[in-house]
Amino acid sequence: MARATGMTGKTGAEAEDLRFGHGFLTDIWHVAALSSELKPGAPIRREILGEPLLLARPREGTRDGGLLALRDICPHRAAPLSAGRLVAEPDGATSVECPYHGWRFGADGRCRAIPSLTPGQSVETGRISAAAFPVAERQGLVFVWIPGPGQTRPEPLPELPVFPGLTTRGRRIVESAIFESHMDHAVVGLMDPAHGPYVHRQWWWRPAGSAHAKSKAFGPVEAGFSMLPHRPSSNSLAYRLLGGAPRTEIVFRLPGLRYEHVRVGARQLVSLTCLTPISERRTRVVQILWSDHPVFALARPLVRAAARRFLAQDAAMVTLQNINLPHDPGFIWIDDADRQARWYQALKREWAASRREGRPFVNPVAPTTLSWTS
Ligand code: FES
Ligand SMILES: [Fe+2]
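Nothing here was measured: the structure is a model prediction, and the numbers come from that model.

**Concerning the sheet that holds strand E10 (residues 141-145)**
Strand pairing in a sheet takes place through backbone hydrogen bonds and is either antiparallel or parallel in direction.
No. 1: With antiparallel pairing, 3 strands are arranged side by side in an open sheet as E1-E10-E9. Looking along the sheet, the strands with just one partner apiece sit at the ends: strand E1 (29-34) and strand E9 (135-138). Geometrically, the sheet is characterised by an average inter-axis angle of 35° between neighbouring strands, direction not taken into account.
No. 2: Pairing geometry for E1 and E10, over 5 bridges, is antiparallel. If you follow Leu 34 over to E10, its bridge partner there is Leu 141.

**Quick look at the state of the cysteines**
Such a bond, covalent and formed between the sulfur atoms of two cysteines, is termed a disulfide.
No. 1: Enumeration according to the criterion identifies 0 disulfides in this entry.
No. 2: No disulfide involves Cys 111; its sulfur sits 7.9 Å from that of Cys 74, the nearest cysteine.
No. 3: Classification of Cys 111 as buried rests on a relative accessible area of 4%.

**A word on the nonpolar core**
No. 1: If you look at the biggest cluster of nonpolar residues, it comprises 34 residues, and the most contacted ones within it are Phe 179, Phe 225, Leu 254 and Tyr 344.
No. 2: Listed by contribution, the elements that provide at least two residues to this core are strand E11 (173-179), helix H2 (183-191), strand E13 (224-230), strand E14 (247-253), helix H6 (300-322), helix H7 (339-357) and strand E18 (368-373).
No. 3: When sequence neighbours within four positions are dropped, the list of residues in contact with Tyr 344 reads Met 183, Asp 184, Val 187, Val 188, Met 191, Phe 225, Phe 252, Leu 254 and Pro 255.
No. 4: If you look at the next biggest cluster of nonpolar residues, it comprises 17 residues, including Phe 143, Trp 145, Tyr 259 and Cys 274.

**Looking at the packing of H2 against H6**
No. 1: Where H2 meets H6, the closest approach of the two axes is 10 Å, and the angle between their N-to-C directions is 130°. Of the possible angle classes, the one that applies to H2 and H6 is oblique. Helix-helix and strand crossings are classified by hand; for H2 and H6 the assignment is right-handed. Within the contact between the two elements, H2 uses His 185, Ala 186, Gly 189 and Leu 190 and H6 uses Asp 314, Val 318 and Gln 321.
No. 2: Taken together, the residues of the contact of H2 with H6 sort by class into 3 nonpolar, 3 polar and 1 charged.

**Regarding the domain arrangement of the protein chain**
No. 1: According to the domain assignment, the protein chain consists of domain 1 (34-135) and domain 2 (173-373).
No. 2: Spacing between the C-alpha centres of domain 1 and domain 2 amounts to 37 Å.
No. 3: Contacts between the two partners involve 6 residues from domain 1, matched on the other side by 8 residues from domain 2.
No. 4: Both faces combined, the contact of domain 1 with domain 2 buries some 490 Å², and carbon together with sulfur accounts for 65% of it.
No. 5: At the junction of domain 1 and domain 2, the tally comes to 0 salt bridges.

**Quick notes on the sheet that holds E11**
No. 1: Read across the open sheet, the 8 strands follow the order E11-E17-E16-E15-E14-E13-E12-E18; overall the sheet is antiparallel. Among the strands making up the open sheet, the edge pair consists of E11 and E18. Strand after strand, the sheet turns through a mean of 20° between neighbouring axes, direction not considered.
No. 2: Here E13 pairs with E14 via 5 bridges, running antiparallel. Bridging across to E14, Gly 224 finds its partner in Arg 253.
No. 3: This element, H2, spans E11, E13, E14, strand E15 (257-264), strand E16 (267-279) and strand E17 (282-291) of the sheet and lies at about 160° to E16.
No. 4: Strand contacts of H7: strand E12 (213-221), E13, E14 and E18, with the helix running at about 135° to E18, the strand carrying the most contacts.

**What to know about the coordination of the iron ion (ligand 2)**
No. 1: Those protein atoms acting as donors to the iron ion (ligand 2) are His 195 (NE2), His 200 (NE2), Asp 314 (OD) and Asp 314 (OD), and they sit at 2.1 to 2.5 Å.
No. 2: When the donors of the iron ion (ligand 2) are listed by position in the chain, the intervening gaps give H-x4-H-x113-D.
No. 3: Using a relative accessible area of 4% as the deciding quantity, one classes His 200 as buried.

**Remarks on the packing of aromatic side chains**
No. 1: The full count for this structure, using the stated rule, is 12 aromatic pairs.
No. 2: Ring centres of Phe 225 and Phe 252 lie 5.6 Å apart, and the angle between their planes is 35°; on these two criteria the pair is classed as tilted. Of the two residues, Phe 225 sits in strand E13 while Phe 252 sits in strand E14, which places them 27 residues apart along the sequence. With respect to burial, Phe 225 and Phe 252 carry one shared label: buried.
No. 3: Centroid distance Phe 252 to Tyr 344: 5.7 Å. Interplanar angle 85°. Geometry classified as edge-to-face. With a gap of 92 residues between them, Phe 252 in strand E14 and Tyr 344 in helix H7 connect regions that are remote in the sequence. For the pair formed by Phe 252 and Tyr 344, the shared burial category is buried.

What counts, and where the lines are drawn
- Residues numbered from 1 in each chain as written.
- Chains lettered and ligands numbered in written order.
- Predicted model: local features only at pLDDT ≥ 70, side-chain atom pairs only at ≥ 80, totals over all residues.
- Heavy atoms only, no water.
- Pairing = 2+ DSSP bridges.
- Helix = DSSP H or I, 4+ residues; strand = E, 2+ residues; numbered from the N terminus.
- Axes fitted to C-alpha atoms, helices over the stretch in contact; angles between N-to-C directions.
- Disulfide = S-S within 2.5 Å.
- Buried < 20%, exposed > 50% of the residue type's maximum accessible area, 1.4 Å probe, protein only.
- Core = buried A, V, L, I, M, F, W, Y, C linked by side-chain atoms within 4.5 Å.
- Contact = heavy atoms within 4.5 Å.
- Parallel < 35°, antiparallel > 145°, perpendicular 65-115°, else oblique.
- Left-handed = near helix turned anticlockwise from the far one by under 90°.
- Nonpolar A, V, L, I, M, F, W, Y, C, P; charged D, E, K, R; others polar.
- Domains from an automatic or database assignment.
- Buried area = accessible area lost by both parts, 1.4 Å probe.
- Salt bridge = Lys/Arg side-chain N within 4 Å of Asp/Glu carboxyl O.
- Donors = N, O, S within 2.8 Å, 3.2 Å for Na, K, Ca; no water.
- Phe/Tyr/Trp six-rings, centres within 6.5 Å; stacked < 30°, edge-to-face > 60°.

Below, the structure written as structure tokens:
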């Protein structure tokens, strides 16, 4: 059995922090919002990894086109900066103006002005700041980098994840849900091959009695693993509608991104699930579907309803599971159905260890074929 390796140098306290169902994976890009949610000049508030964040896009025509991501707590008296407005400084830079006393903070978090001061008064505004986080966007997604304790902004910033085929052109289906669960339970619930016949039992997906043994080849990719390109399950009615000979690849990568890329001839269908921890007990799940396949255009309302249904079923399962989590139960991970869940845990530990030790990440997943019945 391929055991995860490369998890050296953990102290007891650090290992405890990332125990399954506890803590957050830091020092990595997390999906914070959709690009379309950030309207120019209109800040929003998001909680990510327990941090309240302001996210904002400067108004068009201002000097800096980049996004702002600041801790959404004014250092003066804790008003949420996201309830304030964006203002242009005399030099053309964009600041956030606190709604309470009008203190202004730049994109680097530094205080730019305290309006109540009179000409003779001085406060060293440059020494006051709200924490600023690295923020970037690609393929319609806004990512924020949350450093771990004692870690600083990496220079240069690591590349954002790339999802081949995902485009902001055309109409996408976007569904989101809040799972009342720790990120870890939400992630392993979504990648779990054995829950389908139970949690998603419905005639149009996997008809009852159609479960059969299957084998899929897996291999390591970047900060995750791939179910290598294969024909989708023969018992999926939804896939059969696509016609032709679809090939699908399913990639999981840290911190919680699952990407399914189906090709049918020259057409493609992509499904991206982004999980972001809100707090220790809540997880935001965003599901994006896009395709240039004619069946997708026709079946859009059905596809949307199906996506909503799937999310609701998974959310209901973790809510149910949550009933017992306060009793601090143990978990059993069996081969091969739970191997992906174990890879996820090994990937997390290795990510944390590599960041802590300042060395390159070594993917602990070995190429393997996994078999299960579903
Ligand atoms: S609380 Fe923000 S300026 Fe006073
Ligand atoms: Fe599911």
